Amino acid sequence: MLAIVAVGGTAVAAPKDDLATMRSRFEQRFAGVPADDYGFGTFMLNRAARSHYEDIMAFPPFLGDIERGKTLWETRFRSGRTYADCLPAGGRMIAGNYPYYQPAEDRVVTFEMALNRCRAANGEAEYRYDDRATMGVLTAYARSLSDGMRMNISIDSDGAKARYEDGKRLFYRRIGQMNFSCATCHVNNAGNVMRMETISPAIGQATHFPIFRGGDTLYTAQMRFTRCMEQVRAQPFAIGGEDFNNLEYFHAYLSNGLPLQASVYRR
Amino acid sequence: MTRRGGEPQRRQAVTTGMPIFVSRRRFAAAALALLLTPTVATAAALDGRAIAQGQERGNCLACHRMPADPLAMTDATLGPALQDVRKRYPDRSQLRAQIWDAAARNPETLMPRYGRHRILTDAEIDAVTDYVFGL
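Residues numbered from 1 in each chain as written. Chains lettered and ligands numbered in written order. Predicted model: local features only at pLDDT ≥ 70, side-chain atom pairs only at ≥ 80, totals over all residues. Heavy atoms only, no water.

Caption draft 1: Fine view of the overall build of chain A. Secondary structure summary: chain A contains 11 helices and seven strands in total. For chain A, the C-alpha radius of gyration of 19 Å lies close to 18 Å, the compact-globule estimate for 267 residues. In chain A, buried positions account for 56% of the 267 residues. Taking the contacts inside chain A whose residues are at least 6 apart along the sequence as the reference set, 69% of them involve residues at least 24 apart. Element-wise, carbon and sulfur atoms account for 53% of the exposed surface of chain A, whose accessible area totals about 11,600 Å². In chain A, the 32 positive side-chain charges and the 29 negative ones have mean positions that sit 4 Å from each other. (Helix = DSSP H or I, 4+ residues; strand = E, 2+ residues; numbered from the N terminus. Rg over C-alpha atoms; globule rule 2.2 N^0.38 Å. Buried < 20%, exposed > 50% of the residue type's maximum accessible area, 1.4 Å probe, protein only. Contact = heavy atoms within 4.5 Å. Areas by Shrake-Rupley, 256 points an atom, 1.4 Å probe, with all protein chains shown as cover. Lys, Arg positive; Asp, Glu negative; His and termini not counted. Charge placed at Lys NZ, Arg CZ, Asp CG, Glu CD.)

The structure is reproduced here in structure tokens:
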């Protein structure tokens, strides 16, 4: 009884309240920036960098990677079927629903996991989540089929809420020799400059993965998380593991309502 | 690929003030330089500027501009610019204390606790203090 009162009594905010609080914080900090611009991340905050970004996006140096991803996407499994046969709606306008909580397994399923499940269901070996040449380029193409969809992460059960809370805990937990959390940089210091890089706000960060850093090196969301953890001299979680999946679930929720655009340039 | 992500490590030699992300083309050279750079240099050879500016050691440029040093390439706004330091810290030992454990003065600070958390050795902190004292 006491325990129930304690749990009920502590203010565990509903996800929508978390998001409203963070949004209003950024609306004050970045007054005048249109909501849909948050997907530009660091480029939403600097006019010169934004126009450089747009120049590069006119002729992206990574089109070859997307082309290779398209070939993988279209190649039939030995079963004769394809990813499009396996995913909802033929794989179009769905990426904004991922990650989602799967009650039967009591865990979060990322978009990459869904692709691997198609492979497994059709008798193919799964791709490694950290392999740029397979899973990387495949998601670069597959996510682009959802460009323009608005992020739509749902947290609609106690199980889902528990995964969200776990991701939130990881997002706010201080780690590494530098003792930073994700929030230290992407909430408290969004808009500040670290060396040469303007730090982007957490809202909007999930809409456009994978990114191509330097125009040619593909990073899925979890690869970028890894990079940030290394930067604060922390031991990164395993790519494709439960910690990162839950973190990605929480993190993606923060971008709800924003339009997807897969495969973009980053510095 | 390894658990650490395995992508090209965008690191740099401690002797330069290059931006925090080094291009892949520079990576090979930087990696080589790193191999040749001992992690803990001997006291005699300590170069306070290199320790302060290098991303592998002090990495002060992630947060601080150093307007008096033309080699300090950064646009950082996370911490105050380090300038006229001797005016702000007439007493060198207070400057050293700030670098050794910034949280002693401000528990909420972003600045890493270089001495208390053993990010830098005592000798390295002395070298950095001397360098910053001159800014």
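Caption draft 2: Region of interest: the packing of aromatic side chains. Scanning the model with the defined rule gives 19 aromatic pairs over all chains in all. Consider the rings of Tyr 98 of chain A and Phe 111 of chain A, whose centres lie 5.3 Å apart with planes at 75°: the pair is edge-to-face. Of the two residues, Tyr 98 of chain A is situated in the loop between helix H5 (83-86) and strand S1 (100-102) and Phe 111 of chain A in helix H6 (residues 111-121); the sequence distance between them amounts to 13 residues. Ring-pair connections join several aromatic residues into one group, and the members of that group are Tyr 164, Phe 171, Tyr 172, Phe 250 and Tyr 253 of chain A. Taking the ring centre of Phe 133 of chain B as reference, the NZ or CZ of Arg 86 of chain B above it sits at 4.3 Å. (Phe/Tyr/Trp six-rings, centres within 6.5 Å; stacked < 30°, edge-to-face > 60°. Lys NZ or Arg CZ within 6 Å of the ring centre and 35° of its normal.)

Caption draft 3: Examining the packing of helix H8 (residues 158-172) of chain A against helix H11 (residues 242-253) of chain A more closely. All names here are of chain A. For the pair H8 and H11, the least separation of the axes is 7 Å and the interaxial angle reads 95°. It follows from the interaxial angle that H8 and H11 lie roughly perpendicular. Residues Ala 160, Arg 163, Tyr 164, Asp 166, Gly 167, Lys 168, Leu 170, Phe 171 and Tyr 172 of H8 touch H11, and the partners they reach there are Glu 242, Asp 243, Asn 246, Leu 247, Tyr 249, Phe 250, His 251 and Tyr 253. By residue class, the composition of the contact of H8 with H11 is nine nonpolar, three polar and five charged. (Axes fitted to C-alpha atoms, helices over the stretch in contact; angles between N-to-C directions. Parallel < 35°, antiparallel > 145°, perpendicular 65-115°, else oblique. Nonpolar A, V, L, I, M, F, W, Y, C, P; charged D, E, K, R; others polar.)

Caption draft 4: Molecular detail of helix H2 (residues 15-29) of chain A. All names here are of chain A. Helix length check: H2 (15 residues) gives 21 Å between terminal C-alpha atoms against 21 Å at 1.5 Å per residue, within 8%. Turning to H2, its buried residues number three or more, namely Pro 15, Asp 18, Leu 19, Met 22 and Phe 26. Relative to the axis of H2, the buried residues are bounded by an arc of 90° and lie together on one face. Exposed and oriented more than 90 degrees from the buried face of H2 are Lys 16, Thr 21, Glu 27 and Gln 28. Where the residues of H2 are buried, they touch H8, helix H9 (182-188) and H11. (Expected span 1.5 Å × (residues − 1). Arc of directions from axis to C-beta.)

Caption draft 5: Structural context of the sheet that holds strand S7 (residues 264-266) of chain A. All names here are of chain A. Strand order in this open sheet of three strands is S6-S5-S7, and the pairing throughout is mixed. At either end of the open sheet lies a strand with only one pairing partner, and these are strand S6 (217-219) and S7. Within the sheet, the average angular offset between the axes of one strand and its neighbour, ignoring direction, is 40°. (Pairing = 2+ DSSP bridges.)

Caption draft 6: Representation of unusual backbone geometry. Residues and elements named next belong to chain A. At the junction of Tyr 98 and Pro 99, the peptide bond is cis and its omega measures out at -5° in the coordinates. Position of Pro 99 relative to the elements: it lies in the loop between H5 and S1. Notably, Met 93 is not glycine yet its phi reads approximately 50°, a positive angle. With respect to the secondary-structure elements, Met 93 resides in the loop between H5 and S1. One non-glycine residue, Asp 106, lies in the positive phi region at around 50°. Here Asp 106 lies in the loop between S1 and strand S2 (107-109). You can call Asp 106 partly exposed: its relative accessible area is 37%.

Caption draft 7: Molecular detail of empty space enclosed by the protein. Residues and elements named next belong to chain A. Applying the stated criterion across every chain, the model contains three cavities of 30 Å³ or more. Within this model, the largest cavity holds a volume of roughly 120 Å³. The wall of the largest cavity is formed by 15 residues, among which Tyr 98, Arg 143, Met 151, Ala 206 and Glu 248 lie closest to the centre. With three residues, the top contributor of residues to the lining of the largest cavity is H11. A per-class count over the lining of the largest cavity returns 10 nonpolar, three polar and two charged. Size it by volume and the second largest cavity reaches roughly 80 Å³. For the second largest cavity, the full set of lining residues is Thr 110, Glu 112, Met 113, Tyr 129, Thr 220, Gln 222, Ile 239, Gly 240, Asn 245 and Glu 248. Of all the secondary structure elements, the ones that give two or more residues to the lining of the second largest cavity are H6 and H11. (1 Å grid on protein atoms, 1.4 Å probe; cavity = no way out; pocket = protein on both sides within 12 Å on 5 of 7 lines; lining within 4 Å. Points joined across faces, edges and corners; volume = space filled by probe spheres on them.)

Caption draft 8: Structural context of helix H5 (residues 122-133) of chain B. With 12 residues, H5 of chain B extends 16 Å between its outermost C-alpha atoms, agreeing within 8% with the 16 Å of an ideal straight helix rising 1.5 Å per residue. Buried residues in H5 of chain B make contact with helix H2 (48-53), helix H3 (85-88) and helix H4 (92-100) of chain B.

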